[in-house]
Amino acid sequence: MSLFESNFSPPQSRTKVRLIQKSVIIFWFSFLALFMCLIPRVAAGTFVDQLERQVTLPDDPQRVISLAPSITEIIYALEQENRLKGVTRHSDFPIQATKLPKIGSYVRLDLERIVALNPDLCIAIKDGNPKEVIDRLESFKIPVYVVNPRNLNTVLETIIEIGNILNADDKAETLLTNLHDRIQRVKSLISQDTYRPGVFFQIGISPIVSVGTDTFLHELIVLAGGENLADGKTPYPRFSREQVLALAPEIFIVTSMARQAVFERVKAEWRRWPSMPAVRNERIFLVDSNLFDRPSPRLVDGLELLIKLIHPELLK
Amino acid sequence: MTAKTPFIISRLIWVSGLLLAILLAAMILGSSMGSSGGGIISVLQVLSGKSDPDSMLHTIIWRIRLPRVLLAALVGATLSLGGLVFQALLRNLLAEPYILGISGGSAIGAIAGILLGLSRFPGVSLTAFLGSIATLVLILVMTSGQTVLKKESLLLSGVMVNAFCSSVIMFLVSLTQDSRLHNIIFWLMGDLSTADIRQVGLLAGMLLPCFILIFRYSHAMNLLLMGKEMAQSTGINIKVVTIALLVTSSFMVSATVSYCGLIGFVGLVMPHLLRLIFGADHRLLVPACILGGGSYLVICDLLARTLPEQGEMPAGVITALIGAPLFILLLKRSKR
């Protein structure tokens, strides 16, 4: 946040921007109000989750189990962690989450541990959690609310919905306003420049894997004023070294769950091709993959990081 | 089963009783350990119905651990019986559905079924069965023309078919982009974790008739092992018996593959071990393989879910870790 506050737009346009911001906030609140009315509530305690399934949830869930790291992050961001009684193995943000009981990894859930924790609500994610485990949890009369965030907007909706089922609507609204403001700041910064440098975002080291159009990362790259060189129908396309060189990326970003040493090796390999603009201009960066592949509020942190890497000149 | 002497019957009862006791012990041990703790005494209380049916332990044991243990016993029995049948029919002690590529073939069928979005039953089971029959035909065609199925040629064709199946599996997996990939990979390594009691019942309904059929042909397997002329002279129809046994065991194996993926080496380890202990009479070996194979997989699955600190590993990893070295040992012995 400080990133934007200190370096924000030149003084002459400040009032104009403030006006735009105000109208945006007003618009957003009216949208929010509309959205709150639209949240599908069939009867008291009955909800429709993001897979259009009717689920009956307790009025005030006290033993919640999060079946994905992103859901854990959302629950912490809503400050509802006192309800959280179990998380998946890789739930490592915030750091306190690692102290909660583990229920396996999100693709390989440990049914026995979940049942033993006696939850009154499980929040699952469609992309990753095996359907068989969800079905079996429901056969134990454990309510499962499934979320299915597809893009930044649906992540924001997911935050509102989880806030709603955990009786934290106020928190969710505050969080949403904050996230929305930050997204708007990035958007208004980017609108000052029509230049869209080509970005190659490498999420896999060997083979080289990048991101297609239908991913969070593509959306973030475009929002941060870059052109995703790997856009296309395939969500996670593979590339040969030759293809990457032919794309001539101006900015090269490697996300890695791996250590710094691996990044240095990857960087050294690309450095052998100084004809690549990103190499010539020293614009190869390493970023934390957790900021980009988890549909959680931290996607906005990722967005702010990206604009810093893609358009540093706009922040001066 | 003309030569059924009183000696055989008493021996059959004795062997089955012993192995049944081992299987029951393994199953009780399997139900008493898990990621949420437990203990043999409280488990015995639960199993004998002396506990509160609403308690957590009751739910976990009856609805999570017991279905899983039963599934492991069924699958172990099927795979080891499948191994025994293939070894007898092909007169090759190294034959096994996994090594011959029969399991691989049904895995291809099952993955294709999953990718097409079919339901587990009957859709995926059917495509798995078709896959296993296709590989079986392929192996038989490759080795036909030789009057006796030689050890080397059969094993080599099996290795080739298996390698081919693996690459087709890798091809299908690399085509898959989404999150189904993770599930397919875990399932490929052998996964017993998604068992619920209804599925186990369904599987048992498919498998038990096969067990009975194979037991009925156990004496015929003895005669087949003595040679074609010998078998023909006793009046059995070799063709009918062979085809019935091959199709039945392929069906059994593909049914288990469609439920829990590839679990290797059970069909190799158990028949050999039991043959070493009880001799080569198939009337004895068929029930022994069913009970012994069941115990082996129940114990391997128990190790798979309790050894790792966090989460669990696929049961197929344990069966292969124990089975592969044993296979090499047997190969060395058989060369002598």
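Residues numbered from 1 in each chain as written. Chains lettered and ligands numbered in written order. Predicted model: local features only at pLDDT ≥ 70, side-chain atom pairs only at ≥ 80, totals over all residues. Heavy atoms only, no water.

1. Topic: the overall build of chain B
Along chain B, the regular secondary structure elements total 15 helices and zero strands. A globule of 336 residues ought to have a C-alpha radius of gyration of about 20 Å, and chain B, at 20 Å, matches this closely. Relative to its full complement of 336 residues, chain B shows a buried share of 52%. Here the contacts in chain B between residues at least 6 apart in sequence split such that 78% fall between residues at least 24 apart. Here chain B displays about 14,800 Å² of accessible surface, and carbon together with sulfur accounts for 72% of that area. (Helix = DSSP H or I, 4+ residues; strand = E, 2+ residues; numbered from the N terminus. Rg over C-alpha atoms; globule rule 2.2 N^0.38 Å. Buried < 20%, exposed > 50% of the residue type's maximum accessible area, 1.4 Å probe, protein only. Contact = heavy atoms within 4.5 Å. Areas by Shrake-Rupley, 256 points an atom, 1.4 Å probe, with all protein chains shown as cover.)

2. Regarding the overall build of chain A
When helices and strands are counted, chain A shows 13 helices and 15 strands. Each of the 316 residues in chain A was classed as buried or not, and the buried ones make up 54%. Counting contacts in chain A only where the partners sit at least 6 residues apart, residues at least 24 apart contribute 62% of the total.

3. A word on the nonpolar core
V75, L81, L188, L192 and L203 of chain B are the most contacted members of the largest nonpolar core, which totals 93 residues. Top contributing element to this core by residue count: helix α3 (residues 56–89) of chain B, with 14 residues. Contact partners of V75 of chain B, with chain neighbours within four places excluded, come to L192, L203, T256, C260, I263 and L297 of chain B. Counting 58 residues, the second-largest nonpolar core is a separate cluster that includes L78, I162, A172 and L217 of chain A. (Core = buried A, V, L, I, M, F, W, Y, C linked by side-chain atoms within 4.5 Å.)

4. Quick word on the sheet that holds strand β8 (residues 121–125) of chain A
Residues and elements named next belong to chain A. Taken together, the four strands give an open sheet; going across it, the order is β5-β4-β8-β9, and neighbouring strands pair in parallel fashion. The open sheet is flanked by β5 (84–86) and β9 (144–147), the only strands paired with a single partner. Across the sheet, the mean angle from the axis of one strand to that of its neighbour is 35°, orientation sign disregarded. Relative to β5, strand β4 (residues 64–66) runs parallel, the two sharing two bridges. Counterpart to V64 in the pairing with β5 is L84. Packed on one face of the sheet, helix α6 (residues 152–165) meets β8 and β9 and runs near 165° to β9. (Pairing = 2+ DSSP bridges. Axes fitted to C-alpha atoms, helices over the stretch in contact; angles between N-to-C directions.)

5. Description of the environment of I8 of chain B
All names here are of chain B. With respect to the secondary-structure elements, I8 resides in helix α1 (residues 6–32). By relative accessible area, which is 12% here, I8 ends up buried. Sequence separation between I8 and L284 is 276 residues; the distance between their C-alpha atoms is 8.0 Å.

6. What about the interface of chain A and chain B?
Each partner contributes residues to the interface: chain A has 22 residues there, and chain B has 28 residues. In total, about 2,300 Å² of surface goes out of reach between chain A and chain B, with carbon and sulfur atoms giving 51% of it. Of all residues in chain A, the largest losses of buried area upon contact with chain B belong to R108, E112 and R136 of chain A, amounting jointly to 34% of the total for that side. Our enumeration of links across chain A and chain B arrives at one salt bridge. Note that E112 of chain A is salt-bridged to R65 of chain B, the shortest N-O span being 2.5 Å. Secondary structure elements with two or more residues in the side of chain A that touches chain B: α4 (111–116) and α5 (131–139) of chain A. When residues in the side of chain A that touches chain B are grouped by element, the largest group, five residues, is from α4 of chain A. For the side of chain A that touches chain B, the class distribution of residues is eight nonpolar, four polar and ten charged. (Buried area = accessible area lost by both parts, 1.4 Å probe. Salt bridge = Lys/Arg side-chain N within 4 Å of Asp/Glu carboxyl O. Nonpolar A, V, L, I, M, F, W, Y, C, P; charged D, E, K, R; others polar.)

7. Digging into the pairing of strand β14 (residues 251–256) of chain A
Residue and element names in this part refer to chain A. A large share of β14 lies buried, amounting to six of its six residues. Side chains I251, I253 and T255 project from β14 onto one buried face, and the interleaved F252, V254 and S256 project onto a second face that is buried too. Judged from the five bridges that link them, β14 and strand β15 (residues 284–288) form a sheet pairing that is parallel. When the sheet's bridge partners are listed, T255 is paired in β15 with V287.

8. Considerations on the pairing of strand β10 (residues 198–202) of chain A
Remember that side chains alternate between the two faces of the sheet whenever the strand is regular. All names here are of chain A. Burial runs high along β10: five of the five residues are buried. Here β10 shows no split at all, with G198, F200 and Q202 on one side and V199 and F201 on the other all buried. Bridge count for β10 against strand β12 (residues 227–228) is two bridges, and the pairing is parallel. When the bridges of β12 are listed, G198 appears paired with E227. Sheet topology note: the β10/β14 ladder contains four bridges and is parallel. In the sheet register, F201 faces β14, and the bridge partner there is I253.

These results come straight from atomic positions and should not be treated as a statement about function.
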